[in-house]
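A closer look at the structure
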Amino acid sequence: MQRDLIGIALAFTISLILSSTASAQMKKLSETATAPAPFDPHDLSGVWMLDRPRPSKEVDRYWIYELNLEEPPMTAWGEAQYKATKSSFGTRSYPLAETNDPIFHTCTPPGFPRIFLHPWPMQVVQAPGEVIMLFEYDSIRHQIFTDGRQHDTSLGPLWMGDSIGHWEGDTLVADTVNFNDKTWLDRVGHPHSDKLHVIERIRRINHDHLIDDITIDDPKAYTKPWSAHLDFLLRPKWTLAEQFCEDQDTFQNIENDETKPAK
Amino acid sequence: MRIRALGFALGFAIILSCSSAALAQTKQLSEPLAAPAAFDPHDLSGVWFDDHPRLIRVQERYWAYTYTKEEPSMTPWAQAQFNAAKPSFGPHPYPLAQTTDPLYHTCAPIGFPIAFLYPLPMQIVQSPREVIMLFEWDSLRHQIFTDGRAHDTALGPLWMGDSIGHWEGDTLVADTVNFNDKTWLDRMGHPHSEALHVVERIRRIDHDHLVDDITMEDPKAYTKPWTAQLKFILKPKWTIEEQFCEDEQSFQSIDKDAGAPAK
C-alpha cells in the first residue's frame, strides 16, 4: 500500500508538470481528501472508459481520432499513404459518402490500437495466464497472454495482432506484432505496415484510473518510434452493450452524438 | 463429490440409451479408474470445444449445422422462410455464389445460438457479476449477467440477444431475449423471429465436460419449443485465435476443414 501511495504521488507530480489544469485538480482532490480506495495493482478487471478532456471546439478534439496531438514522424511511404486517406473525422474530414475509411461500407475490424479511439467502453477480464480487453465496439478483443509463451509466428497476419505480456512490478508490459496492413492506426488515416510493433505499458495507478503508455514502432511508416498516453476511468456501474458496425443507423447516430459539442 | 459422481453416472446412462457406441466407452472408462480431477462446478472458465464423435460420416454430423437430427416443428411462416433459404452448408448445400446465408458476402454477425454450431472453440471467462462466452468465430461474445438484473428492454433488437442468468444449484440457467430477426437459427436456414427466447441450462458435469441444454422458443416460427443438448469438452492447451469473417480465405478453408473427413 505504501508503495502504491508513492506511485500515486509520483503520477500526480508528473501530471502536474504536463498539465496546466493539474493544480486545480490537486486542490479539488485535497479538499475531499478521503482515504483512497484499496486496489490490487495486478487486477485490471472492470469496465473502463477512455478519459480525455472534451474541449468544446470540434477541431480540438483530436483525442477522439488520434493517439497523439503531435503529428507522428512519417516516412515518405507513410506520408504518401496518409495523404491518400479520406477520413470522415478530424480536421480533414470527408463526407461519409467519400471516405475511404476501411471500416465504413465494409465494416472490417478497426484493428489495433485504433480500437482504443472509438468512443465506447472497454472491459478487462483476467484469467490465469491472460489479460483480455473486450471492446464494446464491434465485439473486438485484445487478448494478452501472460503465461510466458512466445509470439506465434505461424499466426496471421492478424487484424488485432498477436499479443504477449509480462508484469514488471505493477506494470503489465504487452508486446503485439504480426499485424496485417489493412487497418488504419487511428481514425484520421495514419497508416501502418505489417511491420507494426506495439508496446503497451499498462498500469492501474489507483482504484479508478488505468493508464496505457503506447509505443508505436513501424520502420516502414515512421522514421522513429513514437508514443502516446491513454488514460482510462473505471466505470463500476457500466456494462458493455452490443455495438456491431453492421447496425449502420446506430453507428451514424453515435458519430453524430460524438461530434456534438461537449455538455 | 458423491452427488456429482452420481450425475456423471446418470449422464452416461442417458448416453447409453442413445448411442450404440456408449457400451464400448463405458468399458474403456472402467479400466483406468483414476480418481476424477477435482473441479468447482460454479467455475466454467476455460477453452471448450464441441464434443461430438468425429468418427462418423460428414453427412451424419448434424451438429455441424443444426441442433437435432429431427426437424423442428415449424409454423407455415417458418416453413416458407426455410424453403426460401439457400444454405451453403448442411445436407442441401448451394454453391457459395448462390447462398442466401446472411453471413456470406456481408459478414454480418451470425447471432445466437447459431454461434455454437461453428466448428471453432469457445472460451468462458467469469467475473463476480457475469459469465462470458467468447467465441473464436468473429470475436463474438455471449455475455450472461448473473448479478440479479432483469432484462433491459431498452436494448436492441440485438444480434446476440440480451442475456441474464442465475445459478440453480450447480446449473447456470441463462435466459436470452431481445433478438433481431436478421440471423438464422442454424446453418441450414431455420428461421427465427424477434420473439425468439432461448433458455440454456449450462452445467459442468465433470472437470472436462460441459453441457448446455438449450431450449429455443419462438411461437412465430415453431409450434413447440425446440430443445437440444450441446456438449463441450475442455481443451486446456488451446487458446481462442483471431478468426474474423472478413478473412474470406480463412473462412472458406474452415468450411473445407469442417466438411473434411475426421482425422
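Residues numbered from 1 in each chain as written. Chains lettered and ligands numbered in written order. Predicted model: local features only at pLDDT ≥ 70, side-chain atom pairs only at ≥ 80, totals over all residues. Heavy atoms only, no water.

The secondary structure content of chain B amounts to four helices and nine strands. Of the regular secondary structure in chain B, the N- to C-terminal order runs α-α-β-α-β-β-β-β-β-β-β-β-α. Of the roughly 13,100 Å² that chain B leaves accessible, carbon and sulfur atoms contribute 58%. (Helix = DSSP H or I, 4+ residues; strand = E, 2+ residues; numbered from the N terminus. Areas by Shrake-Rupley, 256 points an atom, 1.4 Å probe, with all protein chains shown as cover.)

All names here are of chain B. Counting residues in each nonpolar core, the largest one holds 52 residues, and the members touching the most others are Y67, F116 and M122. When contributions to this core are tallied by element, the ones reaching two or more residues are α3 (76-84), β2 (122-127), β3 (130-135), β6 (171-177), β7 (197-206), β8 (209-217) and β9 (226-234). In terms of residues, this core owes the most to one element, β9, which gives five residues. Each residue touching M122, except ones within four places of it in the same chain, is listed here: G46, V47, W48, F116, M133, L134, F135, L210, F232 and I240. (Core = buried A, V, L, I, M, F, W, Y, C linked by side-chain atoms within 4.5 Å. Buried < 20%, exposed > 50% of the residue type's maximum accessible area, 1.4 Å probe, protein only. Contact = heavy atoms within 4.5 Å.)

The next subject is the state of the cysteines. Within this structure, the stated rule accounts for two disulfides over all chains. Here A:C107 connects covalently by a disulfide to A:C245, the sulfurs 2.1 Å from one another. Judged by the torsion about the S-S bond (-80°), the A:C107/A:C245 disulfide is left-handed. On the criterion of sequence distance, the pair formed by A:C107 in the loop between α4 (76-84) and β2 (122-127) and A:C245 in the loop between β9 (226-234) and α5 (248-259) is long-range, its members being 138 residues apart. Among the residues examined, A:C107 registers a relative accessible area of 8% and is labelled buried. One disulfide in the model links B:C107 with B:C245; its S-S distance is 2.1 Å. Taking the sign of the torsion about the S-S bond as the criterion, the disulfide between B:C107 and B:C245, at about -80°, is left-handed. (Disulfide = S-S within 2.5 Å.)

Take the packing of aromatic side chains next. Applying the stated criterion across every chain yields a total of 14 aromatic pairs over all chains. Both rings, one in B:F116 and one in B:F135, keep their centres 5.4 Å apart while their planes meet at 75°; by these two values the pair is edge-to-face. Within this pair, whereas B:F116 is found in the loop between α3 and β2, its partner B:F135 is found in strand β3, the two being separated by 19 residues in sequence. We classify B:F116 as buried; its relative accessible area is 8%. By relative accessible area, B:F135 is classed as buried at 3%. Seen in terms of ring centroids, B:Y118 and B:W137 are 5.4 Å apart; in terms of plane orientation they differ by 5°. Their pairing is stacked. Note that B:Y118 is positioned in the loop between α3 and β2 and B:W137 in the loop between β3 and β4 (141-145), a separation of 19 residues in sequence. For the pair formed by B:Y118 and B:W137, the shared burial category is buried. Ring-pair connections join several aromatic residues into one group, and the members of that group are A:F112, A:F116, A:F135 and A:F232. The lysine or arginine in question, B:R149, covers the ring of B:F145, its NZ or CZ lying 3.9 Å from the ring centre. The ring centre of B:F89 lies 3.9 Å from the NZ or CZ of B:R187, which sits over that ring. (Phe/Tyr/Trp six-rings, centres within 6.5 Å; stacked < 30°, edge-to-face > 60°. Lys NZ or Arg CZ within 6 Å of the ring centre and 35° of its normal.)

To continue, consider the confidence of the model for chain B. Residues and elements named next belong to chain B. For chain B, the average pLDDT comes to 84, and 81% of its residues sit at 70 or higher. Low pLDDT, under 50, characterises residues 1-27; the predicted model gives this stretch 11 contacts beyond four residues in sequence or across chains. Our summary of model confidence lists the complex with pTM equal to 0.82 and ipTM equal to 0.81. (pLDDT = per-residue confidence, 0-100.)

Time to look at the interface of chain B and chain A. Of the residues lining the interface, 30 residues belong to chain B; the matching set on chain A comes to 33 residues. Between chain B and chain A, a total of about 2,500 Å² is buried, with carbon and sulfur atoms accounting for 49% of that surface. On the chain B side of the contact with chain A, B:R141, B:E242 and B:E246 bury the most area, a combined 24% of that side's loss. Linking chain B with chain A are zero salt bridges, by the criterion used here. Taken together, the connections running from chain B to chain A amount to 12 residue pairs in polar contact (both at pLDDT 80 or more). When residues of the side of chain B that touches chain A are traced back to their parent elements, those giving at least two are β2, β3 and β4 of chain B. Take the side of chain B that touches chain A: its biggest share by element is four residues, from β3(B). (Buried area = accessible area lost by both parts, 1.4 Å probe. Salt bridge = Lys/Arg side-chain N within 4 Å of Asp/Glu carboxyl O. Polar contact = N/O pair within 3.5 Å; in protein donor to acceptor, adjacent residues only side chain to side chain.)

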